[in-house]
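Listed below are the residues making up each chain.
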Amino acid sequence: MTLAETTPDIAFPEPAGPPAAELAERVRRLQDRLRKQAADGALIVQNADLYYFAGTIQQGNLYVPAEGAPVFMARKSLARARHESALENIVEMKSPRQLPDLIRDAGLPQPGRLGLELDVLPAQLYLAFQKIFEGVELVDAAHDIRTVRSIKSGWEMALMREAAACSDQLLAEVGGLIREGMSELELAGLVEAEARRLGHQGLVRMRLFGGELFYG
């Protein structure tokens, strides 16, 4: 149990993730593609995809049914996941073995064909899902997820323009930070401090399982 679950009045930073309408449209477009390939749902586990469809990367899995509302099953931290995500259905998951039961408890039918992110999913997790979803056909939903993510909304475009403006501002400051004789490490620290001041989180996430790059 985490501090967030034991302290209900803990103050979290105000979430800045995708609003409910944005998430709903993303889920709707993924559901359209799942139905076209006769998949009953998709289980999303990779951080970049979780943030895209759920608005949080708290440890857990997101199940998107081909029909109906998605359910986010959080292991750590349930309280923070509920604070960060605009999804309505967020429940606690103590073990991945609970996945079929939690899907059923959400009022959703068990999938006969389940989509997974097979382009990035580790083999160990794939084999684990085979055991957890016994008798379920596991299919690749990676192309559908990437296709949905490739279409940028007005909300996303506004954020991209804001990020580009911050990058321009950061580069404009470098000339005033660099001086003859300083080490690259010192310059990197000053540039990072300026980037953090502008709102950079310090990590760049990519669509790889556990793929995170220190920006500097």
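These notes cover the structure that comes with them. Just so it is clear, the model here is predicted, and its values are computed rather than measured.

**Looking at the environment of Ile57**
Then, number 1: Turning to its location among the elements, Ile57 is positioned in the loop between helix H3 (47–54) and strand E2 (59–65).
Then, number 2: Along the chain, Ile57 and Ala164 lie 107 residues apart, while their C-alpha atoms are 24 Å from each other.
Then, number 3: Aside from chain neighbours lying at most four places away, what touches Ile57 is Asn47, Tyr51, Glu84 and Arg205.

**Digging into the environment of Leu23**
Then, number 1: Structurally, Leu23 can be placed in helix H2 (residues 20–36).
Then, number 2: Sequence separation between Leu23 and Ala66 is 43 residues, and the spatial gap between their C-alpha atoms is 15 Å.
Then, number 3: Once residues lying within four places of it in the same chain are set aside, the contact partners of Leu23 are Pro18, Tyr52, Phe53, Ala54, Gly55, Ser85, Ala86 and Leu87.

**A word on a nonpolar patch on the surface**
Then, number 1: A cluster of nonpolar residues, Val204, Met206 and Leu213, forms a patch on the protein surface that exposes about 220 Å² of accessible area.
Then, number 2: In this fold, Val204 is placed in strand E7 (residues 203–205).

**Focus on the sheet that holds strand E1 (residues 41–44)**
Then, number 1: Strand order in the open sheet formed by six strands is E4-E3-E2-E1-E5-E6, and the pairing between neighbours is mixed. Of all the strands in the sheet, the pair left with one neighbour each is strand E4 (90–92) and strand E6 (137–140). Pairs of neighbouring strands in the sheet enclose a mean axial angle of 25 degrees, with direction left out of account.
Then, number 2: As paired elements, E1 and E2 share four bridges and run antiparallel to each other. The partner of Gly41 across the bridge, within E2, is Pro65.
Then, number 3: Lying on the sheet, H2 is in contact with E1 and E2; it crosses E2 at an angle near 60 degrees.
Then, number 4: Packed onto the sheet, helix H6 (residues 123–132) meets E1, E2, strand E5 (113–116) and E6 and runs at close to 145 degrees relative to E6.

**Structural notes on the nonpolar core**
Then, number 1: In terms of nonpolar packing, the biggest core is built from 24 residues, with Leu30, Leu34, Ile44, Phe53, Leu62 and Phe72 touching the most fellow members.
Then, number 2: Listed by contribution, the elements that provide at least two residues to this core are H2, E1, H3, E2, strand E3 (71–76), helix H4 (78–84) and helix H7 (142–150).
Then, number 3: Judged by nonpolar contacts, the second largest core, of 18 residues, contains Leu43, Leu102, Ile103 and Leu108.

**Some details on the packing of H2 against H7**
Then, number 1: Two numbers describe how H2 lies on H7: the axes approach to 10 Å, and their chain directions differ by 140 degrees. By the angle between their directions, the pair H2 and H7 is classed as oblique. The two elements H2 and H7 meet at a crossing, and its hand is right-handed. Between H2 and H7, the contacting residues are Arg26, Arg29, Leu30 and Arg33 on the first element and His143, Asp144, Ile145, Thr147 and Val148 on the second.
Then, number 2: Here the contact of H2 with H7 is built from residues that sort into three nonpolar, two polar and four charged.

How each quantity is defined
Residues numbered from 1 in each chain as written. Predicted model: local features only at pLDDT ≥ 70, side-chain atom pairs only at ≥ 80, totals over all residues. Heavy atoms only, no water. Helix = DSSP H or I, 4+ residues; strand = E, 2+ residues; numbered from the N terminus. Contact = heavy atoms within 4.5 Å. Patch = residues over 30% accessible without salt bridge, like charges linked within 9 Å, V, L, I, M, F, W, Y side chains within 5 Å. Areas by Shrake-Rupley, 256 points an atom, 1.4 Å probe, with all protein chains shown as cover. Salt bridge = Lys/Arg side-chain N within 4 Å of Asp/Glu carboxyl O. Pairing = 2+ DSSP bridges. Axes fitted to C-alpha atoms, helices over the stretch in contact; angles between N-to-C directions. Core = buried A, V, L, I, M, F, W, Y, C linked by side-chain atoms within 4.5 Å. Buried < 20%, exposed > 50% of the residue type's maximum accessible area, 1.4 Å probe, protein only. Parallel < 35°, antiparallel > 145°, perpendicular 65-115°, else oblique. Left-handed = near helix turned anticlockwise from the far one by under 90°. Nonpolar A, V, L, I, M, F, W, Y, C, P; charged D, E, K, R; others polar.

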